[in-house]
Amino acid sequence: MNSSDLLDYCMSKPGAEQSVDNQWNANQIKVGDMMFAMVSAVQERPAISLKTSPELAEELRARHPDIVPGEHLNKAHWNTLFLDGDLPDSQFYFLIDSSYQLVVESLPEAVRHDLGV
């Protein structure tokens, strides 16, 4: 998996906007001004950080050595997935979809309506 493909997939989501966080040297992808993905290097490895429920976050970390608590983020809700590990591509796409949906569901109804989501 490469970061360019993941960024393209994230940006295909309705209302997605990309910005650069210079402090963390990361590409942040947001919907309604709320981040649902961050692509960066973590421990000098290409990675994407995604939001999950706390229960799923713990379960994923226990099952996959290439999934760790999100660096610089709330570790109860954010996981970092290393792109150069053994995770199948389908796992990345599923977790991006889940992260996006979690964030969209937390947006006020008016914002979701304005974004068309």
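Scroll up for the structure.
Residues numbered from 1 in each chain as written. Predicted model: local features only at pLDDT ≥ 70, side-chain atom pairs only at ≥ 80, totals over all residues. Heavy atoms only, no water.

## Notes on helix 1 (residues 3–11)
Move 1: Buried residues of helix 1: Leu6, Leu7 and Cys10, and no others. Take helix 1 and look down its axis: the buried residues cluster within an arc of 100 degrees, on one side only.
Move 2: Against the buried residues of helix 1 lie strand 1 (16–21), strand 2 (26–31), strand 3 (34–42), strand 4 (45–51) and helix 3 (89–106).
Move 3: Capping the start of helix 1 is the job of one residue whose side-chain oxygen sits 3.1 Å from the backbone nitrogen of serine 4: asparagine 2. (Buried < 20%, exposed > 50% of the residue type's maximum accessible area, 1.4 Å probe, protein only. Helix = DSSP H or I, 4+ residues; strand = E, 2+ residues; numbered from the N terminus. Arc of directions from axis to C-beta. Contact = heavy atoms within 4.5 Å. Polar contact = N/O pair within 3.5 Å; in protein donor to acceptor, adjacent residues only side chain to side chain.)

## Brief notes about the sheet that holds strand 1
Move 1: The strand order across the open sheet formed by six strands is 1-2-3-4-6-5, and the pairing between neighbours is antiparallel. Both edges of this open sheet fall to strand 1 and strand 5 (67–69), since each of them pairs with a single strand only. The sheet shows a mean angle of 25 degrees between the axes of neighbouring strands, direction not considered.
Move 2: Across five bridges, strand 4 lies against strand 6 (residues 78–82) in antiparallel orientation. Bridge pairing links isoleucine 48 to leucine 81 in strand 6.
Move 3: Against the sheet, helix 1 contacts strand 1, strand 2, strand 3 and strand 4, and its axis sits at roughly 135 degrees relative to strand 1. (Pairing = 2+ DSSP bridges. Axes fitted to C-alpha atoms, helices over the stretch in contact; angles between N-to-C directions.)

## Considerations on the pattern of salt bridges
Move 1: Tallying each qualifying case throughout the model produces five salt bridges.
Move 2: We note a salt bridge from arginine 45 to aspartate 66, for which the minimum N-O separation is 3.3 Å. On the criterion of sequence distance, the pair formed by arginine 45 in strand 4 and aspartate 66 in the loop between helix 2 (54–63) and strand 5 is long-range, its members being 21 residues apart.
Move 3: According to the relative accessible area criterion, arginine 45 is partly exposed, its value standing at 23%.
Move 4: On the accessibility criterion, aspartate 66 (13% relative accessible area) is buried.
Move 5: The residue aspartate 84 makes a salt bridge to arginine 45 at a minimum N-O spacing of 2.7 Å. Residue aspartate 84 is found in the loop between strand 6 and helix 3, and its partner arginine 45 is found in strand 4; the two are separated by 39 residues along the sequence. (Salt bridge = Lys/Arg side-chain N within 4 Å of Asp/Glu carboxyl O.)

## Some thoughts on the packing of helix 1 against helix 3
Move 1: Where helix 1 meets helix 3, the closest approach of the two axes is 11 Å, and the angle between their N-to-C directions is 35 degrees. Judged by the sense of rotation from one axis to the other, the crossing of helix 1 with helix 3 is right-handed. Two secondary-structure elements touch here, helix 1 through Asp5, Leu6, Tyr9 and Cys10 and helix 3 through Phe92, Tyr93, Ile96 and Asp97.
Move 2: In the contact of helix 1 with helix 3, the residues fall into six nonpolar, no polar and two charged. (Left-handed = near helix turned anticlockwise from the far one by under 90°. Nonpolar A, V, L, I, M, F, W, Y, C, P; charged D, E, K, R; others polar.)

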